[in-house]
Amino acid sequence: MIGVVYLGNNPQTEERLKYLPGRQVKFMKNYKEAASACIPHVRNEHFILFYEKNVRTEDITAITYLHKNCKNIYIILLTDQLSEEDRKTYQKCGINDTLDINASVTELNKKLQFITDRESILFDDQVSKQKILRFKIPLWKRTFDIVVSLLAIIILSPILLLTAIAIKIEDRKGPVLFKSKRVGTNYTIFDFLKFRSMYNNAEQRLKELSKSNNQYAEHEQEEQKTVITSPLGEEAEQEMFDMGMESEMMISDEEVMLVGDDFVVAESDFNKQKEEDINNAFVKIENDPRVTKVGKFIRKYSIDELPQLFNILKGDMSIVGNRPLPLYEAEKLTADSSIDRFMAPAGLTGLWQVEERGKGGAMSAEERKQLDILYGQTYNFKLDMKIIFRTLFAFIQKENV
């Protein structure tokens, strides 16, 4: 249930608000009266307040007071153009939305309807948070992670020490550990630890490598210029060119065109490109020249992954789960068909890693995504033990998967 309140002294605005269909607007002259008018009388009653812009200092006082005393209010500032400074100031003190001061009855009603349709999201933060599904690691899994990671760190400490020394000897410029921001469970971002296997500042050279070296890329866009010569003469060529241009401009009425600041594209083409970007989200370079000699060795035997035991001990990851992704890869997996992979623990090893090793590294991005989703839906202690068992037996591998 949503009530409507107007705070201001503009007769034209008051007149338009009186004609809102199905709405009874309360008209207030000062912010304390408006705050009293926004006190709910029934459960889950919310209020939309149209606030007429006035003197900035007075507006800040009023808006701050309203938000402090009315937790169930959505404030729309009625104004003309705002400077960048004013916009930031009004947003900071609590304005939720803006609308042109001369907005018509139709525009006012559309805004009200838009907010009403999203009432549970815009007004009740607690309800919204409860509706968002979040993964919470079970006690048995967290206990297992702490015990195993702590024991592994103690047992493998000689290997950890020798690896650190070898990395420093080969390339003294860089750190022993490589930290990168990764996206794990519930899209949580954390510092992902690995032994550095590349030369210092190697990430800056990634863009310089040819896209053809990406094992996982399924498509590559190429721009080609074609020169056509015709025996029909320049006049006939121009006629054919005009006909071709006319054909290209004849777009079906059913085709939806998406218009941006610097592009116009058919929705079908946009969706196709978006699907390709999602499928090619995982980046892996074959015969990467950025990798050091020590790096090749520790990658082959997965020694570079051992510092993640500290991530596990801290709680960022689990022994078994879905591989945490770099930010630029995770942002491509936010579609409804992909987000389920983040409703599972982030892991040192996982289902698609052992399956991929079994296939010699031949697995598409879609297959890996589906295996991540499957693990999130079916994981249990027995499955975790099976994955750990297979990981140990696949520890020495020929392919860098």
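One structure accompanies this document, and this report is about it. Bear in mind that the values here come from a model prediction, so they are computed numbers and not experimental data. (Residues numbered from 1 in each chain as written. Predicted model: local features only at pLDDT ≥ 70, side-chain atom pairs only at ≥ 80, totals over all residues. Heavy atoms only, no water.)

Relative to the assigned elements, Thr292 resides in the loop between helix H11 (267–279) and helix H12 (293–300). There is a polar contact of 2.8 Å between the side chain of Thr292 and the backbone nitrogen of Gly295. With residues near it in sequence (within four places) discarded, Thr292 still touches Glu170, Ser197, Met198 and Tyr199. (Helix = DSSP H or I, 4+ residues; strand = E, 2+ residues; numbered from the N terminus. Polar contact = N/O pair within 3.5 Å; in protein donor to acceptor, adjacent residues only side chain to side chain. Contact = heavy atoms within 4.5 Å.)

Positive phi is not limited to glycine here, since Asn186 has a value of about 55°. Within the chain, Ser302 stands out as a residue other than glycine whose phi angle is a positive 60°. With respect to the helices, strands and loops of the structure, Ser302 is situated in the loop between H12 and helix H13 (308–314).

As enumerated under the stated definition, the model contains 14 salt bridges in all. Taking the shortest distance from any N to any O, the salt bridge between Asp171 and Arg196 comes out at 2.9 Å. With Asp171 in the loop between helix H9 (157–170) and strand E6 (177–183) and Arg196 in the loop between strand E7 (189–195) and helix H10 (234–249), this residue pair connects regions lying 25 residues apart in the sequence. Accessibility assignment for this pair places Asp171 and Arg196 in one class, buried. (Salt bridge = Lys/Arg side-chain N within 4 Å of Asp/Glu carboxyl O. Buried < 20%, exposed > 50% of the residue type's maximum accessible area, 1.4 Å probe, protein only.)

Here we take up the sheet that holds strand E5 (residues 97–100). Reading across from one edge, E2-E1-E3-E4-E5 is the order of the five strands in this open sheet, with parallel pairing throughout. If you trace the sheet from one side to the other, it starts and ends with strand E2 (25–28) and E5, each paired once. Neighbour-to-neighbour, the strand axes of the sheet open up by a mean angle of 25°, direction not taken into account. In the sheet, strand E3 (residues 46–52) pairs with strand E4 (residues 73–79) via six bridges, with the strands oriented parallel. Pairing of Glu52 across the sheet is with Leu78, part of E4. (Pairing = 2+ DSSP bridges. Axes fitted to C-alpha atoms, helices over the stretch in contact; angles between N-to-C directions.)

Bringing the sheet that holds strand E11 (residues 325–326) into the picture now. Reading across the sheet, the three strands line up as E7-E6-E11 and stay open at both edges, with antiparallel pairing between neighbours. The open sheet terminates on both sides in strands that have one partner only, identified here as E7 and E11. With two bridges connecting them, E6 and E11 associate as antiparallel partners. When the sheet's bridge partners are listed, Arg182 is paired in E11 with Pro326.

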